[in-house]
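Descriptive analysis of the structure
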Amino acid sequence: MASLQVSDLSKSYFGKVAISNLNFSIPKNRITGLLGPNGAGKTTVLRILTGFVQPDQGSVLLDGVSLKKDPQTIKQRLGYLPESSAIYPEMTAGEYLDFLGNARGMESSFFKKRKKEVLDICDLKSQTFSLTGILSKGTRQRLALAGALLHDPDWVVLDEPSSGLDPIQISHFREIVRNLGKDKIVLLSTHILSEVEETCDHALVLHKGNLVADLPVSEFKRSDSVLLSAKTEKETLEKIFEGKNIRILSSEKEGEYSKFRLESSSLKPEEIFEIVRKEPFPILEFKISQKSLESVFQDLVSR
Ligand SMILES: Nc1ncnc2c1ncn2[C@@H]1O[C@H](COP(=O)(O)OP(=O)(O)OP(=O)(O)O)[C@@H](O)[C@H]1O
């Protein structure tokens, strides 16, 4: 199975560390998110992986082929979608792909086959003859992706692919990326946690140039809390919850009622509900409240 192996990768700019001793591997058939706040080192990693920047130290191997020793082979196998792509507005979508195919010196029958395939993969068939200048931002982004896939790369690097797209365009684009992940190595860089949660299978989390987490997205600590609004006091609830592993994270008086935020590492929300509903006090509201994305990220970087 194709895989990308990164070992001891470091890079400093003018003595300032951008990334430090990164070690990770990315197997095929998996969409990996490279997640981190601004300045975490994501762009530096992408620039190194795509051969635009030389690392100070470390190696990148694609199926055992070294980027340093054989950059040309690796670049031929790479499809890169930068954060913003130059697409000439006076060309049609089809002409744009013709232009790229020519510029890359692609063999004619292979190009024709691939052009059809990428228009299909990126859901652009109906736009082939549309001028790119009149296309929506989401469609232009799919065209840029089609261009990045034209030479049939087996690994694909996407830099902040949803930036500037509206929610419908984002969900359309994500569907295409998820399909790509079925048979390619996909690395998607973003500072948006929900993007990783919704698109990726695995996350590499960067913080200040260090890899602070390398884990399946399903392991993001997203334990949900529960909001309870009831006509009772905090002290009463504390007594009810004694020995039951339910924490009262906050309580706030609202007229006759109080709003409590509850959390349990062992009980499900419905089990907490079973406990409180047996009590005599009236309950106005009981609902699950997802942990904020920011606090999930903080959990990851503070591990
Ligand atoms: N060409 C450069 N010259 C000097 N410093 C740089 C250069 N490129 C990046 N840096 C520094 O390296 C660190 C990592 O930057 P990098 O752009 O890789 O992070 P990032 O996670 O991609 O951030 P962003 O999301 O803001 O692009 C930052 O402190 C940045 O200021």
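Residues numbered from 1 in each chain as written. Predicted model: local features only at pLDDT ≥ 70, side-chain atom pairs only at ≥ 80, totals over all residues. Heavy atoms only, no water.

What follows covers the overall build of the protein chain. Helix and strand content of the protein chain: 10 helices and 14 strands. Dimensions along the principal axes, computed over C-alpha positions, put the protein chain at roughly 80 × 45 × 35 Å. Taking all 303 residues of the protein chain together, the buried fraction comes to 47%. The long-range share in the protein chain, meaning contacts at least 24 apart out of those at least 6 apart in sequence, stands at 70%. Carbon and sulfur atoms provide 50% of the accessible area of the protein chain, an area that totals close to 15400 Å². Averaging the locations of the 41 positively and 41 negatively charged side chains of the protein chain gives two centres separated by 3 Å. (Helix = DSSP H or I, 4+ residues; strand = E, 2+ residues; numbered from the N terminus. Buried < 20%, exposed > 50% of the residue type's maximum accessible area, 1.4 Å probe, protein only. Contact = heavy atoms within 4.5 Å. Areas by Shrake-Rupley, 256 points an atom, 1.4 Å probe, with all protein chains shown as cover. Lys, Arg positive; Asp, Glu negative; His and termini not counted. Charge placed at Lys NZ, Arg CZ, Asp CG, Glu CD.)

Turning to the pairing of strand 13 (residues 257–263), a few remarks are in order. In terms of residue burial, strand 13 counts as a mostly covered element, since 5 of its 7 residues are buried. Both strand 11 (residues 225–230) and strand 13 contribute to a ladder of 5 bridges, which runs antiparallel. From the neighbouring strand, Ser229 faces strand 13, where its bridge partner is Lys259. Sheet analysis places strand 12 (residues 247–254) next to strand 13, joined by 7 bridges and oriented antiparallel. What sits directly across from Glu254, in strand 13, is Tyr257. (Pairing = 2+ DSSP bridges.)

We now examine the site of the ligand. Within the structure, the ligand sits among Tyr13, Phe14, Lys16, Ala18, Pro37, Asn38, Gly39, Ala40, Gly41, Lys42, Thr43 and Thr44. A distance of 3.1 Å is found between an oxygen atom of the ligand and a side-chain nitrogen or oxygen belonging to Asn38. In isolation the ligand exposes 630 Å². Once the protein is present, 64% of that is buried. Only strand 2 (16–27) and helix 1 (42–49) provide two or more residues apiece to the shell around the ligand. Residues belonging to the shell around the ligand are distributed by class as follows: 5 nonpolar, 5 polar and 2 charged. (Near = heavy atom within 4 Å. Polar contact = N/O pair within 3.5 Å; in protein donor to acceptor, adjacent residues only side chain to side chain. Nonpolar A, V, L, I, M, F, W, Y, C, P; charged D, E, K, R; others polar.)

So, about the domain arrangement of the protein chain. Taken domain by domain, the protein chain holds domain 1 (3–220) and domain 2 (222–290). Averaged C-alpha coordinates put domain 1 and domain 2 at centres separated by 45 Å. (Domains from an automatic or database assignment.)

With that settled, consider the sheet that holds strand 7 (residues 155–159). An order of 6-7-8-3-9-10 is seen for the 6 strands of this open sheet, with the pairing classed as mixed. Among the strands making up the open sheet, the edge pair consists of strand 6 (78–81) and strand 10 (210–216). On average, each strand axis in the sheet is inclined to that of its neighbour by 15°, with strand direction left out of account. For strand 3 (residues 30–35) and strand 8 (residues 185–190), the ladder comprises 6 bridges, and the chain directions are parallel. Paired with Leu34 across the bridge in strand 8 is Ser189. Sheet strands touched by helix 1: strand 3, strand 7, strand 8 and strand 9 (202–207). Its angle to strand 8, the strand with the most contacts, is close to 150°. Where helix 6 (residues 167–180) meets the sheet, it contacts strand 3, strand 6, strand 7 and strand 8, and its direction lies at approximately 145° from that of strand 8. (Axes fitted to C-alpha atoms, helices over the stretch in contact; angles between N-to-C directions.)

Counted under the stated rule, the structure contains 3 aromatic pairs. Ring centres of Phe52 and Tyr80 lie 6.0 Å apart, and the angle between their planes is 45°; this geometry places the pair in the tilted category. Of this pair, Phe52 sits in the loop between helix 1 and strand 4 (57–62) while Tyr80 sits in strand 6; the two residues are 28 residues apart in sequence, bridging distant segments of the chain. You can call Tyr80 partly exposed: its relative accessible area is 25%. Note on Tyr88 and Phe99: the rings are 5.4 Å apart at their centroids and 90° apart in plane angle, and the pair reads as edge-to-face. Of this pair, Tyr88 sits in the loop between strand 6 and helix 3 (93–103) while Phe99 sits in helix 3; the two residues are 11 residues apart in sequence, bridging distant segments of the chain. Using a relative accessible area of 35% as the deciding quantity, one classes Tyr88 as partly exposed. (Phe/Tyr/Trp six-rings, centres within 6.5 Å; stacked < 30°, edge-to-face > 60°.)

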